[in-house]
Amino acid sequence: MITDQTIFLVTGTLLVFIGIASVSISKNLIKTLMSFQVVVFGVNLTLFASGLGGADRALSDAFVLLSILVGASVEAVGLAVIVAVHRKYGTLNPDEIRRLRG
Amino acid sequence: MILAEWLLWLVPLSGAALVPVVSHTKKEATGWFAVAVASASLLLSLYGALTFSAAETENLAVWLGFLNVQLQVTIDGLSVLVSVFVAFLSLLILIFSLGYMKGEGGLARYYSLVLLFVGSMLGLVMAGNLIQFYFFWELVGLCSALLIAFWSDREAARRAGLKAFVVTHIGDASLLIAVIVLFNALQTTSFASVLASVGGSSLQGTALLTVGVLIIVGAMGKSAQVPLHVWLPDAMEGPSTVSALIHAATMVNAGVYLVIRMFPLFQASGLLMDLLLGVGLLSASVGAVNALASEDLKRVLAYSTISQLGLMFVALGLGSWVAATYHMVSQGLFKALAFLAAGSVIHATGTRNLEEMGGLKRVMKYTYVGFLAAVLAMSGLPPLIGFWSKDAIVSAAFAGNSTVGFALIAISVVTASYGFRALIKVFHGEPAQQRSVRESATTMVAPIAVLAVSVVVAWLALDAQSFVNIGSLAFPSATTFTLSMGALVVGALVSYVAFSARPSATKQLMERSQAMVRLRDALLEGLGFDRLYNYLYARGVKGLASLTSKVETGALGWDAALVLLTLILLTVLVAGGLV
C-alpha cells in the first residue's frame, strides 16, 4: 500500500535529481540558482516526509523550517552575486563568462 | 602557578591581534608597539628563567577532551633557555626593523605577522604536548611563508613564500602522521607520558622506528635539512629582518628543538641515531660547499644556516643533545648578527650581489665590526660563543667516531673559508660602486652592537651554569683544539689568498679550468635539487592533474552537479554503514 510518506519521499528524491540534472545543463545563472533551490526543496520534502509518523515530528519540522529560512538567505545572496556578475560581464551564460576570464 | 611561562607567549600572540588597531589609531606608533610587546615577552621569559627551580609540567585547562589534550606548558632547563633566547633575538630584530622597514608599505601586516611568528615560536617552545606543539608548528610555518612573501608585488617573493610553504609541509605532514600514530598507540600526546613509554610494550621495535623516522622527516622539513632544504635559499626574497628571524630565532630551530625535546625516543634506537647523524653530515657538507660558491650575500648566509643546522643534527646523532642546544643558541646569536649586518649593508648599497660590493669597511665601521664578529664566531675563534658550541660537537665526534670528527674538521675549513670570503668581498678591497654609502641609522646599528657584544660574552653566562643548568661546556681536548684552530686558520688563509691577496689569479684559474667552471655552475644551481623536484613535479603532479581535469572540466553546471552527486553518494555510504 502506498502511504503519504512514500509519495513524499519519492517526490522529494525525484526533485533532488531533477534539480541536479538541470544544474548540470542550465546555460543561465538564474536558472542554475533556481535549480539549486529545486534540490533544496527536494531535500526539505524528504526531511519532512522522514519525520512523518515518527515519535518526534516537531523536531524534523523544525529542521525543515530552519532549512527553508537558510535557503531563502542563500537565494538572496546568490541573486546579489548574479546581479554583480551581470554588471561586470554583461551576460549570465557561465560558458561565456568562462571565456571572458583573464 | 608560574604565570610568566604562559604570558610570555600569550602576550605576543595577543599583541599580534592588537597591531592593526594601534596602526589604525596612530600609524607611527606601530613599530614601537611591537617593540614594547617583544620587550614584555623578554622580561617575562627572563623572570621565568630566574625563578626557575625544578622541571615540571603545568596544566591550565582541558583543551580537546576527546584527544585527552590539556593546555599545558613544559618548564625545564631546555624550554626556559630557548624561550629567553628566542625572545631576546626577536626583540633585537624588531628594534632593527624600526629603521630597516621605515617607509615601507603594509607595516601593520609586517609587525602583526612578526609578533604572531614570535608568539607561535614561544608557544611551540613551551608546549607540553604534541597537539599543542603541532598547532604552533603550523602557525610558525604559515607566518614564515607569509613573511617571506611580504613584498608580494614581486613575483619572486610570492614564489619563494609558496615554495617554503609547500616544501616544509612535506615535513609537517610527516610529523602529523607521527602524532596520530603516537596517539593511537598511547592514547596520550603529552611529552612526559610519551617519553615515559619509550621502550614499553606499545612503543618499541618497528613502532618506535616508524615514529622516529616520521618525526625526523618533520624536523628535516622545518630545519631545512637535505633534501628538504630547497626552500631556505629562496626564502631570501623576504626582508633581511625576516631572514634573521627565520634563521636565528624561530622557524629553523623548531625542527632541532623537536628532536631535542623528544631525544630519549631517538636514543632508544641506534638506527634513528645513525639517521640523524647521516642527515646532519650530508646537510652540513652540502650547505658549506654551496655557501662557498654563492654570489648573493644572503644566499651565502642561508646555505651557512643549512650547514650549521646539519652540525646540530650531527651532535644529536652523536648523542650530545647539550651540544646541539648550545649550538642552536650560538648559531642563533651569530646568524642573527650576520643577517642584521647584511641587512644594514643591503639597505645602504641597494644590492645583494657580492661582486657589486667591496671596500665598505671604511664607511660602515659598526656594521663591519658586527659582521666580523659573526664570521669569527661562525668559524669558531675562542672565546666567542661559536667556539664553545662547535668544539663541543667536534669533541663529541672524536670521543665516539673519529671519522665523523675529521669530516667535521673538513667542514670547519670550508666554513671559515666561506665566512671570510663573504667578509672580504663585502668589506675589503676596492669599492665596486660609485654611489656614496653611509652607515645605517642608530636603530639599526644598536641591535648589531648588542649582538656583537653578546656573541663575544654569551659563553660566560652559559659556561658558568649560573643561568640555566642543562649541562656544562667543557674546554675541548688539546688535539681537538689544535685541529679546529688549524681548520680556522687554513680556511681563512685560503680565502685571504684567493680573494684578497691574489684575486686575479683566482679569476684566471676559474676561467681556464673547465672542471672549475662546471663545478661552480653546479654549486650555483644548488647541486640540482630544484631541477630534480621540477622534473618530479612535471612527471607526477602534472600527470595526475591532466587526469582529473577530464572529470572536473571547469564548466560550472557540470562541476556543481558532480559535487552534489558526490555528497549524496557519501551520505548513502555513511547511512548504509559502508564507510
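No experiment lies behind these values; they were computed from the predicted model shown.

### Structural notes on the overall build of chain B
So, step 1. Helix and strand counts for chain B stand at 25 helices and two strands.
So, step 2. Relative to a compact globule of 579 residues, whose C-alpha radius of gyration would be 25 Å, chain B shows 24 Å and is just as compact.
So, step 3. Taking the principal axes of its C-alpha atoms as reference, chain B extends roughly 80 × 60 × 55 Å.
So, step 4. Within the span of chain B, comprising 579 residues, buried residues form 52% of the whole.

### As for the overall build of chain A
So, step 1. Counting its secondary structure elements, chain A contains four helices and zero strands.
So, step 2. Secondary structure elements of chain A, listed N to C terminal, follow the sequence α-α-α-α.
So, step 3. Expressed as lengths along the three principal axes of its C-alpha atoms, the size of chain A is roughly 55 × 25 × 15 Å.
So, step 4. Buried residues in chain A amount to 16% of all 102 residues.

### Things to note about the domain arrangement of chain B
So, step 1. What the domain assignment lists for chain B is domain 1 (275–501), domain 2 (503–548) and domain 3 (549–579).
So, step 2. Relative to domain 3 of chain B, the C-alpha centre of domain 1 of chain B lies at a distance of 56 Å.

### Some details on the pairing of strand 2 (residues 69–75) of chain B
So, step 1. Taken across its seven residues, strand 2 of chain B has six buried, putting it largely inside the fold.
So, step 2. Taking the residues that link successive antiparallel strands as the turn, the strand 1 (residues 56–64) of chain B-strand 2 of chain B hairpin has four residues, and the phi of B:Asn68 there is positive, at about 60 degrees.

### Let's talk about the nonpolar core
So, step 1. Judged by nonpolar contacts, the single largest core of 194 residues is most densely connected at B:Val114, B:Val314, B:Ala336, B:Leu337, B:Ala374 and B:Val455.
So, step 2. Each residue touching B:Val114, except ones within four places of it in the same chain, is listed here: B:Ala34, B:Leu94, B:Leu147 and B:Leu245.
So, step 3. Core analysis: the second largest hydrophobic core is formed by seven residues, A:Val16, A:Ile20, A:Val40 and B:Ala561 among them.

### Observations regarding the interface of chain A and chain B
So, step 1. Counting residues at the interface gives ten residues for chain A, matched by nine residues for chain B.
So, step 2. Secondary-structure elements contributing two or more residues to the side of chain A that touches chain B are helix 1 (4–25), helix 2 (29–51) and helix 4 (94–100) of chain A.
So, step 3. When residues in the side of chain A that touches chain B are grouped by element, the largest group, four residues, is from helix 1 of chain A.
So, step 4. Grouping the constituent residues of the side of chain A that touches chain B by class yields five nonpolar, three polar and two charged.

### Some remarks on the packing of helix 6 (residues 155–186) of chain B against helix 8 (residues 205–222) of chain B
All names here are of chain B.
So, step 1. At a minimum axis distance of 7 Å, the contact between helix 6 and helix 8 shows a crossing angle of 150 degrees. Classified by the interaxial angle, the pair formed by helix 6 and helix 8 is roughly antiparallel. Like other packed secondary-structure pairs, helix 6 and helix 8 cross with a definite hand, here left-handed. Two secondary-structure elements touch here, helix 6 through Val 167, Thr 168, Ile 170, Gly 171, Asp 172, Ser 174, Leu 175, Ile 177, Ala 178, Val 181, Leu 182 and Ala 185 and helix 8 through Ala 207, Thr 210, Val 211, Leu 214, Ile 215, Val 217, Gly 218, Met 220, Gly 221 and Lys 222.
So, step 2. Of the residues that constitute the contact of helix 6 with helix 8, the class distribution is 14 nonpolar, six polar and two charged.

### Some thoughts on the environment of B:Val300
So, step 1. For B:Val300, the location among the structural elements is in helix 14 (residues 297–317).
So, step 2. In this structure B:Val300 touches B:Ala291, B:Ser294, B:Tyr418 and B:Ala422, once residues within four positions along its chain are discounted.

### Quick notes on the environment of B:Val22
Residue and element names in this part refer to chain B.
So, step 1. When you line up the elements, Val 22 lands in helix 1 (residues 4–25).
So, step 2. With 21 C-beta atoms packed within 10 Å, Val 22 lands in the buried category.
So, step 3. Residues Val 22 and Ala 108 lie 86 residues apart in sequence; the distance between their C-alpha atoms is 8.5 Å.
So, step 4. Leave out the neighbours within four places in its chain, and Val 22 touches Ala 29, Thr 30 and Phe 33.

### Comments concerning the pairing of strand 1 of chain B
So, step 1. Note: strand 1 of chain B against strand 2 of chain B, seven bridges, orientation antiparallel. Bridge pairing in strand 2 of chain B places B:Glu56 opposite B:Ile75.

### Concerning helix 17 (residues 385–400) of chain B
So, step 1. For helix 17 of chain B, with 16 residues, the first-to-last C-alpha span of 23 Å sits near the 22 Å given by 1.5 Å per residue.
So, step 2. Counting buried positions over the 16 residues of helix 17 of chain B gives 13, a clear majority of the element.

### Structural notes on the confidence of the model for chain A
Interpretation of this model should avoid reading the predicted coordinates in detail wherever pLDDT is low.
So, step 1. Mean pLDDT over chain A: 88, with 97% of residues reaching 70 or higher.
So, step 2. Per-element confidence in chain A ranges from a low mean pLDDT of 77 for helix 4 of chain A to a high of 91 for helix 3 (residues 57–89) of chain A.

### Observations regarding the packing of helix 13 (residues 270–293) of chain B against helix 22 (residues 514–524) of chain B
All names here are of chain B.
So, step 1. Across the interface, helix 13 lies against helix 22 with an axial gap of 9 Å and an inter-helix angle of 110 degrees. As the angle between them shows, helix 13 and helix 22 are arranged roughly perpendicular. With respect to the hand of their crossing, helix 13 and helix 22 are arranged in left-handed fashion. Judged by residue contacts, Val 289, Asn 290 and Ala 293 of helix 13 engage Arg 520, Leu 523 and Leu 524 from helix 22.
So, step 2. Grouping the constituent residues of the contact of helix 13 with helix 22 by class yields four nonpolar, one polar and one charged.

Cut-offs applied
- Residues numbered from 1 in each chain as written.
- Chains lettered and ligands numbered in written order.
- Predicted model: local features only at pLDDT ≥ 70, side-chain atom pairs only at ≥ 80, totals over all residues.
- Helix = DSSP H or I, 4+ residues; strand = E, 2+ residues; numbered from the N terminus.
- Rg over C-alpha atoms; globule rule 2.2 N^0.38 Å.
- Buried ≥ 20, exposed ≤ 12 C-beta atoms within 10 Å, placed from the backbone.
- Domains from an automatic or database assignment.
- Pairing = 2+ DSSP bridges.
- Core = buried A, V, L, I, M, F, W, Y, C linked by C-beta atoms within 7 Å.
- Contact = placed C-beta atoms within 7 Å.
- Nonpolar A, V, L, I, M, F, W, Y, C, P; charged D, E, K, R; others polar.
- Axes fitted to C-alpha atoms, helices over the stretch in contact; angles between N-to-C directions.
- Parallel < 35°, antiparallel > 145°, perpendicular 65-115°, else oblique.
- Left-handed = near helix turned anticlockwise from the far one by under 90°.
- Expected span 1.5 Å × (residues − 1).
- pLDDT = per-residue confidence, 0-100.

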